[in-house]
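Structure assessment
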Amino acid sequence: MGMFWRRAVTVGILAVGAVAGAQTTAPAAPVTPPSPQQRMREMMEFYKTHYAKHEYRVAMRDGTKLYTVVYTPIAGQFEDKGPYPFLMTRTPYSCGNYNNEVVEPHVSGNAILMRSGYILVCQDVRGRWESEGTWLEMTPSRDGKGIDESTDMYDTVDWLLKHVKGNNGRVGILGISYPGFYTAASIVDGHPAIKAASPQAPIIDLWMGDDAYHGGAFMLDANHSFYAPFFAPQKNPLVAEPKNDFDFGTKDMYAYYLKMGTLANLDSDKGGTNAYFHDQVVHTTYDSYWKARDLETHMHGVKAAVLDVGGWFDAEDLAGPVKVFHAIDKLSPDAPENTLIEGPWVHGGWARSNGDSLGDIKFGMATSAFYRDTIEAPFFEHYLKDAVWAGLPKAYTFETGSNVWKKYPAWPPPNAVAKMIYFEPGGGLDWKAPKAKESKDEYVSDPAHPVPFTQYVAEADVPQRYMDDDQRFATRRGDVLVYETAPLKEDVTVVGPVRPMLKIASTGTDSDFVVKLIDVYPEDYKNPDAGEDQGKHVTSETPVFMQGYEMMVRGEPMRAKFRDSWEKPEALVPGKVTSVDFTMQDVNHTFLKGHRIMVQVQSSWFPLIDRNPQVFEDIAKAKPEDFKKATETVFHQADAASGLELLVMPK
């Protein structure tokens, strides 16, 4: 948060009528907007002359005081003369600048909203920084039977309405990532004054496809690099970041985690563990610890209009926006609005970047500016200031591949058709079911030489560009199976969740199966950014050749022992043909005519996920000698067909 830029435009209101089916918004001509750093500098100067700072310790119903900083519009500085609505965020990451006159709201990076005039509020959540109390990872919802984030928000709103002059009685709340969780949790049985909320990349269910675990596999690099050097228990109140001496000792995380060997070694003083990381490591099944932290089942009593925002290439909280969207529809059907927004963004990219590219892939427009100006700002302006507005479609998503915005009456689109695409002998991929009596592929999975998730050396923070990176490096490995179609004769648009359905056998008693859905560019693809062929004269960064580029559209792991139950894992029987079916996270992508659809299957993805010993056991307790090679078999025959179920849009 905190990177803003100024656009010389009047606040515009986007009129989007009711839609019966998908509608398309073509990309605008490419522009070069100001950099995030320039936007931030401009907004910092603006804040100094337009907002006054006030710091409070607001008492909750149990007496706990939460640090709450309020920035009020200075009289005469805004075209809107007030009264003003509140726009707030709640965070475990610090509202910053305690006990001084520095004006730096940590609320939103949307310049249109900041220049329109709001009473801006940032609150340190219970147990973090300047707030009293005890912090809990993803505070469990109490459903009106105790203290939780909903009651803390309710008490805060009640206090703000009574004690901050010049307000119009309306409140909006938004936040990205953990603040996205607090946004969603704050509107459960929410205060009636909360009229608009936008949970953005919210953490919703840590174990179930969110930050901590995907398909039962631990998201190793992202979690350890978050907790060990950064996020740890605090002694409150606290106004400065405590010193943390943890040092990885290398920039090569593949080498670091391979050397550390086991989760037990990481969950130690040498690994820089703390109580929060320990909880992530030892709760290796979907037990009561995780179930209590599943916000999906608690999204009742939502009275606010909701804008659920996420990015198709969010390496951290890809699942949250879709989950909270469906949960509100189910449990709070009377909410004034509940709209899903998905763009071609990394974690928080809609607020922090221009959104015109990720890694080597270009999207043809500044998608983040489009979102901020024509979706987010009008949403809050309408619900908090009565700006005229026709509303949004139920789902407004960016379709990668074709690079256009789409408007849908539901998500997934109701007219999408489920179709199986099957693995074939010789690495083929086809819509027709296999007919061979016997057909299979095998590879040896060796935990001592796991398949990396990037072709380059990755540092401690997971490089978010891996989400659409070139997968040709993996194609060339002997422990990765590859299946692909012939060049497509027409466009194929895939929406919603992707469901691998594998028939496998293993010589181990547990194994991981990582499945990647890939868009293969034509060999004669004309790269508009390609320079001259330098051949042997390349002396600096190597050029990127898009011919034959293997763009990952979606990738997910599945730990086989969880194939029938997340709560009660079950060992594989060596050599026995077994079904491993699972659900990968949603996509909206068009495989263009002339491209190929590819699927890769492998049994490690390191150090993105932890290594599976390939022995049935609690991996948190695994010892170095437990890690064994295993031969993995994937079948593609008439009575044991493997493939992916895709939701395909009709022509």
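Residues numbered from 1 in each chain as written. Predicted model: local features only at pLDDT ≥ 70, side-chain atom pairs only at ≥ 80, totals over all residues. Heavy atoms only, no water.

A closer look at the overall build of the protein chain
Our working rule: By the criteria applied, helices consist of DSSP H or I runs no shorter than four residues and strands consist of E runs no shorter than two, each listed in order from the N terminus. C-alpha atoms define the radius of gyration, and 2.2 Å times the number of residues to the power 0.38 defines the globule rule. Any residue under 20% of the maximum accessible area for its type is buried, any over 50% is exposed, and the rest in between are partly exposed; the area is computed with a 1.4 Å probe on protein chains only. Note on contacts: a residue pair is in contact if any heavy atoms of the two residues lie within 4.5 Å. By the counting rule applied here, Lys and Arg register as positive and Asp and Glu as negative, while His and the ends of each chain are not counted. By convention, the charge on Lys lies at NZ, on Arg at CZ, on Asp at CG and on Glu at CD.
Each helix and strand in the protein chain was counted, giving 13 helices and 27 strands. Taking 2.2 N^0.38 as the reference for a compact globule, 651 residues should give roughly 26 Å; the C-alpha atoms of the protein chain span a radius of gyration of 25 Å, in line with that estimate. With respect to the principal axes defined by its C-alpha atoms, the protein chain has extents near 75 × 55 × 55 Å. Counting every position in the protein chain, which comprises 651 residues, the buried fraction comes to 60%. Residue pairs in contact within the protein chain that sit at least 24 positions apart in sequence constitute 80% of those at least 6 positions apart. Computed over 66 positive and 87 negative side-chain charges, the inter-centroid distance for the protein chain is 1 Å.

Observations regarding the environment of Met43
Looking at the element boundaries, Met43 is found in helix α1 (residues 36-50). The sequence separation of Met43 and Asn110 amounts to 67 residues, and the corresponding C-alpha distance is 9.7 Å.

A closer look at the state of the cysteines
Convention followed: What counts as a disulfide here is a pair of cysteine sulfur atoms lying within 2.5 Å.
The full count for this structure, using the stated rule, is one disulfide. The disulfide partner of Cys95 is Cys122, and the S-S distance across this bridge is 2.2 Å. Residues Cys95 and Cys122 are joined by a disulfide whose S-S torsion is about -90 degrees; by sign, that bridge is left-handed. Highlighted residues: Cys95 in the loop between β4 (84-91) and α2 (111-116) and Cys122 in strand β5 (residues 119-124), separated in sequence by 27 residues. Take Cys95: its relative accessible area is 1%, and that puts it in the buried class.

Some points on unusual backbone geometry
Across the junction of Gly82 and Pro83, the peptide omega takes the value 0 degrees, indicating a cis bond. Cis geometry marks the peptide bond from Asn236 to Pro237; its omega dihedral reads -5 degrees. The residue Pro237 is located in the loop between α5 (220-227) and α6 (253-260) in this model. Unusually for a residue other than glycine, Ala201 sits at a positive phi of about 45 degrees. One can find Ala201 in the loop between β7 (194-200) and β8 (213-214). Look at Ala201 and you get buried, because its relative accessible area is 0%. Residue Asn403 is not a glycine yet carries a positive backbone phi of 60 degrees.

Re helix α10 (residues 319-331)
To be explicit about the condition: For a helix, the expected span equals 1.5 Å multiplied by the number of residues minus one.
Compared with an ideal rise of 1.5 Å per residue, which puts 13 residues at 18 Å, α10 spans 18 Å between its outermost C-alpha atoms and is within 8% of the ideal. Where α10 is buried, its residues contact α4 (178-186), β7, β10 (305-311), β11 (338-343) and β24 (584-591).

What about the pairing of strand β23 (residues 578-581)?
Definition in use: A strand pair is defined by DSSP finding two or more bridges across the two strands.
Of the two faces of β23, only the one carrying Thr578 and Val580 is buried; Ser579 and Asp581 on the other face are not. Here strand β20 (residues 492-506) pairs with β23 via four bridges, running antiparallel. Bridge pairing in β23 places Lys503 opposite Ser579.

Considerations on the side chain of Thr183
Short version of the rule: Pairs of N or O atoms within 3.5 Å make up the polar contacts considered here, provided that, within protein, one atom can donate a hydrogen while the other can accept it, and that residues adjacent in sequence are counted only when both atoms are side-chain atoms.
Within the secondary structure, Thr183 sits in helix α4. A polar side-chain atom of Thr183 sits 2.8 Å from the main-chain carbonyl oxygen of Pro179. Other than its neighbours up to four places away in sequence, Thr183 contacts Ile173, Leu174, Gly175, Ala197, Ser198 and Pro199.

Overview of the packing of aromatic side chains
For clarity, the cut-off: A pair of Phe, Tyr and Trp rings is counted when the ring centres sit within 6.5 Å of each other, with Trp represented by its six-membered ring. The angle between the planes then sorts it: under 30 degrees is stacked, over 60 is edge-to-face, the rest tilted. Definition used: whenever NZ (Lys) or CZ (Arg) falls within 6 Å of the ring centre and also within 35 degrees of the ring normal, the charge is taken to sit over that ring.
All chains considered together, the criterion is met by 58 aromatic pairs. Between the aromatic rings of Phe248 and Tyr256, the centroid separation amounts to 5.1 Å while the plane-to-plane angle is 80 degrees, which identifies the pairing as edge-to-face. Side by side, Phe248 and Tyr256 carry an identical accessibility label, which is buried. Across from the ring centre of Phe627, 4.3 Å away, lies the NZ or CZ of Arg611, which sits over that ring.

Let's talk about the pattern of salt bridges
Side chains that differ in sign of charge can pair as their charged atoms come close. Filter applied, for reference: For this analysis, a salt bridge means a side-chain nitrogen from Lys or Arg found within 4 Å of a carboxyl oxygen belonging to Asp or Glu.
In total, this model carries 22 salt bridges according to the counting rule given. Between Glu130 and Arg57 there is a salt bridge; the shortest N-O distance is 2.4 Å. Taken together, the residues Glu130 in the loop between β5 and α3 (149-163) and Arg57 in strand β2 (residues 51-59) connect sequence positions 73 residues apart. One salt bridge in this structure joins Arg465 and Asp469, with 2.7 Å as the shortest N-O distance. Accessibility expressed as a relative area gives 28% for Arg465, which makes it partly exposed. By relative accessible area, Asp469 is classed as buried at 3%.

Some thoughts on the packing of α5 against helix α8 (residues 275-282)
So the rule is basically this: Note on geometry: axes are lines fitted to C-alpha atoms, helical ones only across the stretch in contact, with angles between N-to-C directions running from 0 to 180 degrees. Relative orientations are named as follows: roughly parallel for angles under 35 degrees, roughly antiparallel for angles over 145 degrees, roughly perpendicular for angles from 65 to 115 degrees, and oblique for any other angle. Throughout, a crossing is termed right-handed when the near helix is turned clockwise from the far one, and left-handed when it is turned anticlockwise from it by less than a right angle. When residue character is reported, Ala, Val, Leu, Ile, Met, Phe, Trp, Tyr, Cys and Pro are called nonpolar, Asp, Glu, Lys and Arg charged, and the others, Gly included, polar.
Relative to each other, α5 and α8 sit at 160 degrees, their axes nearing to 9 Å. Classified by the angle their axes make, α5 and α8 are roughly antiparallel. Here the hand of the crossing between α5 and α8 comes out left-handed. Of α8, the residues touching α5 (which contributes Asn223, His224 and Tyr227) are Tyr276, Phe277 and Gln280. Looking at the contact of α5 with α8, its residues break down into three nonpolar, three polar and no charged.

Considering the confidence of the model for the protein chain
Quick reminder of the rule: Each residue carries a pLDDT score, the predictor's own confidence in it, on a scale running from 0 to 100.
For the protein chain, mean pLDDT is 93; residues scoring 70 or higher make up 93% of the total. Confidence drops under pLDDT 50 across residues 1-21; counting only partners more than four residues distant or on other chains, this segment forms 67 contacts.

Thoughts on the environment of Trp345
Summarising the element assignment, Trp345 is placed in the loop between β11 and α11 (349-352). Overall, the relative accessible area of 1% leaves Trp345 in the buried class. In sequence terms Trp345 and Arg611 are 266 residues apart; their C-alpha atoms lie 28 Å from each other. Sequence-distant contacts of Trp345, defined by excluding residues within four places in its chain, comprise Val309, Gly310, Gly311, Trp312, Phe313, Asp314, Trp350, Gly355, Thr367, Ser368, Tyr371 and Trp405. Polar contacts involving the side chain of Trp345 include one to the side chain of Ser368, which spans 3.3 Å.

Quick word on the nonpolar core
The line we're drawing: The term nonpolar core refers to a set of buried residues drawn from Ala, Val, Leu, Ile, Met, Phe, Trp, Tyr and Cys, joined through side-chain atoms within 4.5 Å.
In this structure, Leu87 and Met299 are the most contacted members of the largest nonpolar core, which totals 180 residues. When neighbours within four sequence positions are excluded, Met299 is seen to be in contact with Ala184, Ile187, Val188, Val324, Ala327, Ile328, Leu331 and Ser332.

Things to note about the pairing of β5
Test applied: The handedness rule is simple: strands pointing away from the viewer, and a clockwise path from the first strand over the helix to the second, make the crossover right-handed.
Of all six residues in β5, six are buried; the element is thus mostly enclosed. Burial of β5 is two-sided: the residues Ile119, Val121 and Gln123 facing one way and the residues Leu120, Cys122 and Asp124 facing the other way are all buried. Taken together, the four bridges between strand β3 (residues 65-73) and β5 define a ladder with antiparallel strand orientation. Of the residues in β5, the one forming a bridge with Val70 is Val121. Two elements, β4 and β5, share six bridges in a ladder whose sense is parallel. Residue pairing across strands places Thr89 opposite Cys122, the latter belonging to β5. Each parallel crossover has a hand, and the one from β4 via α2 to β5 is right-handed.

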